[in-house]
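# Observations on the three-dimensional arrangement
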Amino acid sequence: MLIAPSILSADFSKLGQEIADITHAGADWIHLDVMDGRFVPNLTFGAPVIQAVRGHTKLPFDVHLMIEDPHRYIGDFCDAGADIISFHVEAERDIAGTIAAIKQRGVRAALAVKPGTAMESVFPYLDEISMVLVMTVEPGFGGQEYQPGMMQKVQAVKARAPRMQVQIDGGVNVETIRPSAAAGVDVCVAGTSVFGAQDRKARIAQLKQAACEAKQQQVGQTPLP
Ligand code: DX5
Ligand code: ZN
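Below or above, wherever it landed, is the structure these notes cover. (Residues numbered from 1 in each chain as written. Chains lettered and ligands numbered in written order. Predicted model: local features only at pLDDT ≥ 70, side-chain atom pairs only at ≥ 80, totals over all residues. Heavy atoms only, no water.)

This brings us to the sheet that holds strand β1 (residues 2-5). Spatially, β1-β8-β7-β6-β5-β4-β3-β2 is the arrangement adopted by the eight strands of the open sheet, whose pairing is parallel. Since the sheet does not close on itself, it has two edges, and those belong to β1 and β2 (30-35), each with one partner. Within the sheet, the average angular offset between the axes of one strand and its neighbour, ignoring direction, is 25°. The pairing of strand β7 (residues 165-169) with strand β8 (residues 187-190) spans three bridges and is classified as parallel. Across the sheet, Q167 pairs through a bridge with V187, a residue of β8. (Pairing = 2+ DSSP bridges. Helix = DSSP H or I, 4+ residues; strand = E, 2+ residues; numbered from the N terminus. Axes fitted to C-alpha atoms, helices over the stretch in contact; angles between N-to-C directions.)

Quick look at the structure:
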């Protein structure tokens, strides 16, 4: 399981240091939540901030766009140093064109869905994207409760495209990562759980360990043919 701490829960007054800190704590990716106050009822930061902190780690920058009409800003986020860009199917009319614009710049493209959005909305694009982001909370704020029902959507993606990387975002902690791993999730975003921990290195290790145990138990439960 890859762990992508969300800097939404970091101390914004020292963002560069916070990113360096979770890098040393064993994070796999850095998750950056961009909100426009329209697609979600919250505002965060844009491409200039991402560019400013890009030099503080070599880890991949996983940029989660929660903005209307994301195609308008793809160039800016690619130039700022994004390695993966996720945008919401609910927020864009030209989904195929936006995916193409991201890939044209050598950046990985991913599609995100809110809890109420059917998984079928991403199916037409599975051949074009490299990751699906299943929201496990309503996008907009950190610290919300994980929605276990979303694991059906993870399983639906895996049934359709077994090799597709699936990420979840929202409410992931040492307990909720277990059913997530069992459902086949590959990447977990974790904000509060990692940044709120006294020992972030230990917390990331606990998350990975719990995911690993859940996977192993699942293998143990599978009846022999
Ligand atoms: C929510 C964001 C998440 C959020 C996760 O809209 O996309 O990345 O920060 O935070 P936690 O892990 O606290 O739910
Ligand atoms: Zn996010």
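On to the environment of G75, then. Within the secondary structure, G75 sits in helix α3 (residues 74-79). When the C-alpha atoms of G75 and Q17 are compared, they prove to be 26 Å apart, with 58 residues separating the residues in sequence.

Looking now at the site of ligand 1. Around ligand 1, 20 residues are found, and the nearest of them are D33, G140, D169, G191 and T192. One of the backbone nitrogen or oxygen atoms of G191 is found 2.7 Å away from an oxygen atom of ligand 1. Between ligand 1 and T192 there is a distance of 2.3 Å, counted from an oxygen atom to a side-chain nitrogen or oxygen. Relative to its unbound accessible area of 380 Å², ligand 1 is 99% covered by the protein chains. If you list the elements that add at least two residues to the shell around ligand 1, you get β2, β3 (61-66) and β8. With three residues, β2 is the largest single contributor of residues to the shell around ligand 1. (Near = heavy atom within 4 Å. Polar contact = N/O pair within 3.5 Å; in protein donor to acceptor, adjacent residues only side chain to side chain. Areas by Shrake-Rupley, 256 points an atom, 1.4 Å probe, with all protein chains shown as cover.)

This paragraph deals with helix α4 (residues 95-104). Among the residues of α4, those classed as buried are I95, T98, I99 and I102. The buried residues of α4 occupy one face: seen down the axis, they fall within an arc of 100°. On its buried face, α4 sits against α3, β4 (84-88) and β5 (108-113). (Buried < 20%, exposed > 50% of the residue type's maximum accessible area, 1.4 Å probe, protein only. Arc of directions from axis to C-beta. Contact = heavy atoms within 4.5 Å.)

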